[in-house]
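Coordinate inspection notes
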Amino acid sequence: MTSQTIGAAQKRPRAFWRWFLILDLALLLIGGGVKVVRAWRWQRVLQNDLQELRALLQDSSAVLWTPAELLTVLHNDLRGFQGEFAFLLKIAPHLRWLPRYGADLAAAPTLLTMALELSESGAQVAQVLEPLLVPPDRTQSPTLETALSLLRQAQPQLTETARALERAQHTRAELDKPTAGSATAVPAAFSPRLARLVAELDRYLPLLQQGVQGALLLPELLGDTEMRTYLLLMQNEDELRPAGGFLTGVARITVRDGRIEHMVFENSSEVTDFKRPYPEPPKPLETIMGIDLWVFHDSNWSPDFPTSAWQAVTFYQQRYETPIDGVLAVDQEAFRRIVQVLQPLTLPSYPEPITESNILAALRQSRDMPLEDDPRAAWERRHKVFLEDLLTATIDKVQNRPETVNFIQLGMAVINAFEERHMFAFALTDGDLAIQLYESRWDGALYAGDGDYLMVVDANLGYSKVNPYIATSLGYAVDLRDPQQPEANLALRYQHNGPRSSEPCYHFHKPPMLTYEQLMQQCYWDYVRVYVPEGARPLRATPNPIPAGLLTTGIGRSGEAEILTPEAGKSVLATFFVLPPGQRAETRMLYLLPPDVIQQTEDTLLYRLYIQKQGGKLTVPVQISLYLPPDSSVVHSSVPYARAANNPEHILYHLNLETDFQLSVEIAK
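Our subject in this report is the structure included herewith. Bear in mind that the values here come from a model prediction, so they are computed numbers and not experimental data. (Residues numbered from 1 in each chain as written. Predicted model: local features only at pLDDT ≥ 70, side-chain atom pairs only at ≥ 80, totals over all residues. Heavy atoms only, no water.)

1. What about the packing of helix α13 (residues 332-342) against helix α14 (residues 359-366)?
Closest axis-to-axis distance for the α13/α14 pair is 9 Å, and the angle between their directions is 135°. Classified by the angle between their axes, α13 and α14 sit oblique to one another. Read as a crossing pair, α13 and α14 show a hand that is right-handed. Facing Q332, R336 and V339 of α13, the residues of α14 in contact are I359, L360, L363 and R364. (Axes fitted to C-alpha atoms, helices over the stretch in contact; angles between N-to-C directions. Helix = DSSP H or I, 4+ residues; strand = E, 2+ residues; numbered from the N terminus. Parallel < 35°, antiparallel > 145°, perpendicular 65-115°, else oblique. Left-handed = near helix turned anticlockwise from the far one by under 90°. Contact = heavy atoms within 4.5 Å.)

So this is what it looks like as structure tokens:
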């Protein structure tokens, strides 16, 4: 491509850098095949296109082309390449046998298809959003209202881009499939360069999908067509609860055209009006914690966030008869990520600027329990003022000082918080928005797909804040040797990293109250629910007996695992244990899976697994073990695996659960 001057260079935000990276990867992969067929001219053209894209990423002021123009030129060059080498591309999949570059050549048509789709849809989106990506006045950032208007105009292009990304993801999956007749899950080895680039592609393609999904949802969420009223639930994962953390505060926020017009903040305890009737609480809250009524701050008892959101709105409207359009939940980790982008924030109620390094300490300090000279009312006021100041400072910087905000980084921080289950959003009154949130998995609903399923839900019922000290991991072994009776063995491991103490475990401390740090060092009273496919049959589980008198209710527990009422199409198993500081515990559950978690044909088995991450948790190490039927072999696995050293029919997956995880394994009998 020959550049020509089209105007003075302007500084451009790097909003589409992931587009360019993915296209870069795909095209460089194609380049390996191009070398083999000696298409040097086209290789130079495509490499020059890529150099322009790289220059835009590295220093946008040095490039005279807009993102839309660069992507259009790239797309046209790709079309030219495809037309000139149509015959060679047609036979390329049959050249896998060639040494060194055979696998690269075989992948070239697949990668070219991906690059063509991404460059075309990317150019269309960039064209519509050009005033946002290349503002006419470099000295003035686009307002949020302008950005929302452009995003609304770009909805058709963004929708098509989302579809193109889905197709690209499917196209990428085709690279993992072996050639016909192969009995291995690993295709012919790519060159080292190609393998590295494919790994990068796997990393950034999902992020691009998330970004497009966020751009689709943002206008509706921020009320660009009509005023919307939301509840913002502030959850404290230091006291982990099923939907993310103990509800410590709530703000009612009115939004129109991307601007917050009104906000009312309260501590969660202020919402409850005991003059009104409240229902009995969920049984564990009653029998373990001794709670008599189910009130607002315990409303997030279901790990299915739409269920918890509805319950929170029900309790809120019991006191305030105001329409609510949706519910947004954030935890401390989500706030930390947002502050990381916006820092520093100045709060009247805090002596120093709030930054990423002190936000968690400041949040905990604001919740510090009252001392003898600090009555409870004063503590509650201090906590309320700090959270209200934090919200106000965040909103002020975004709305009134946009020139100080990197909105690309802020958007990615919010998207990642949704993806890693530190934020949830649920729409009550807009059906289309509710569907979009569900399809993006941002509404925190329990997964409803076919196959095997696992979600481990911990609830801290100890009147404490110990979860920063709790490290968890899980092992999940599935025996597929008898496909008619697949068996699951779940091992849950907990390590309390708080300082050891000779003090006994106290379930509830009467005044004088403990400081926040002391509450973090208490025993862990964990009520665990395990969500599994409906129809699973428990066989046995680790008993965790609790002596009478240890609980504040004075009621002992046998420690036998419970079978609870199914929820959202899932069977639910439960147990409860107490873990002192400095100690570790392991609890196991063995159960039969329903046969329909495996799809069978005459020659193959298809096993699919979905592991859903609980809101509020950080990374959870997971090991998955699959025991295959005798004399069988893996045809395809959606995730790389390792074989056990002493048993080739035992395969292992190691992962860190940062977001929901999906696995699909096809097995030849």
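2. Overview of helix α16 (residues 407-419)
In this model, α16 (13 residues) spans 18 Å end to end at C-alpha, consistent with the 18 Å of a helix rising 1.5 Å per residue. Buried within α16 are the following residues: L410, M412, A413, I415, A417, F418 and E419. Capping the start of α16, N406 holds a side-chain oxygen 3.0 Å from the backbone nitrogen of Q409, two or three residues further along. A positive phi of about 65° marks R421, the residue just after α16. (Expected span 1.5 Å × (residues − 1). Buried < 20%, exposed > 50% of the residue type's maximum accessible area, 1.4 Å probe, protein only. Polar contact = N/O pair within 3.5 Å; in protein donor to acceptor, adjacent residues only side chain to side chain.)

3. A few points about the packing of helix α5 (residues 102-128) against helix α8 (residues 155-174)
At their nearest, the axes of α5 and α8 sit 9 Å apart, and the two run at 165° to each other. With respect to α8, the axis of α5 lies roughly antiparallel. Remark: the crossing between α5 and α8 carries left-handed chirality. Contacts between α5 and α8 involve T110, M114, E117, L118, S121, Q124, V125 and V128 from the former and Q157, L158, T161, A164, L165, R167, A168, T171 and R172 from the latter. Residue classes in the contact of α5 with α8 are distributed as 8 nonpolar, 6 polar and 3 charged. (Nonpolar A, V, L, I, M, F, W, Y, C, P; charged D, E, K, R; others polar.)

4. As for the pairing of strand β16 (residues 620-627)
Taken together, the 6 bridges between strand β7 (residues 470-479) and β16 define a ladder with parallel strand orientation. Considered in β16, the bridge of V478 is made with L626. In this structure, β16 lies alongside strand β19 (residues 647-657), joined through 8 bridges in antiparallel fashion. Within β19, the residue paired with V622 across the bridge is L655. (Pairing = 2+ DSSP bridges.)

5. A word on the state of the cysteines
Following the criterion strictly, the structure yields 1 disulfide and no others. Disulfide pairing places C505 opposite C523 at an S-S distance of 2.0 Å. Around the S-S axis, the bridge from C505 to C523 shows a dihedral of about -80° and counts as left-handed. Note that C505 is positioned in the loop between β8 (487-496) and α18 (516-520) and C523 in the loop between α18 and β9 (524-533), a separation of 18 residues in sequence. With relative accessibility at 17%, the residue C505 sits in the buried group. Here C523 falls in the buried class, since its relative accessible area comes to 5%. (Disulfide = S-S within 2.5 Å.)

6. Section: the environment of A164
With respect to the secondary-structure elements, A164 resides in helix α8. C-alpha separation for the pair A164 and E120, spaced 44 residues apart in sequence, amounts to 9.3 Å. If sequence neighbours within four positions are ignored, A164 has contacts with E117 and S121.

7. Concerning the side chain of K570
Within the secondary structure, K570 is located in strand β12 (residues 570-579). Among buried charged residues, K570 stands out as having no salt bridge; its nearest opposite-charge side chain is E534, 8.0 Å away. Setting aside residues up to four positions removed in sequence, K570 forms contacts with L446, Y447, A448, G449, Y453, Y531, V532 and E534. (Lys, Arg positive; Asp, Glu negative; His and termini not counted. Salt bridge = Lys/Arg side-chain N within 4 Å of Asp/Glu carboxyl O.)

8. Remarks on the environment of I324
Relative to the helices and strands, I324 resides in the loop between α12 (305-319) and β4 (326-331). Linking I324 and L231, residues 93 residues apart in sequence, is a C-alpha distance of 7.1 Å. Residues in contact with I324, not counting those within four places in the same chain, are T229, L231, R252, V313, Q317, L428 and T429.

9. Notes on the pattern of salt bridges
Throughout the structure, instances matching the rule amount to 23 salt bridges. Notably, a salt bridge pairs E239 with K465, separated by 2.5 Å at the nearest N-O pair. Taken together, the residues E239 in the loop between β1 (228-236) and β2 (246-256) and K465 in the loop between β6 (452-460) and β7 connect sequence positions 226 residues apart. On the accessibility criterion, E239 (5% relative accessible area) is buried. Exposure remark for K465: the relative accessible area of 9% places this residue in the buried category. Its salt-bridge partner being K617, residue D458 comes within 2.7 Å of it at the nearest N-O pair. In this pair, D458 sits in strand β6 while K617 sits in the loop between β15 (604-611) and β16, placing the two residues 159 residues apart along the sequence. Each member of the pair, D458 as well as K617, carries the same accessibility label: buried. Shared partners join several salt bridges into a network, and the residues in it are E333, R336, R337, E356 and E420.

10. Examining the sheet that holds β2
Taken together, the 5 strands give an open sheet; going across it, the order is β3-β2-β1-β4-β5, and neighbouring strands pair in mixed fashion. At either end of the open sheet lies a strand with only one pairing partner, and these are β3 (259-267) and β5 (423-427). Taken pair by pair, the neighbouring strands of this sheet meet at an average axis angle of 20°, ignoring direction. Sheet analysis places β4 next to β5, joined by 5 bridges and oriented antiparallel.

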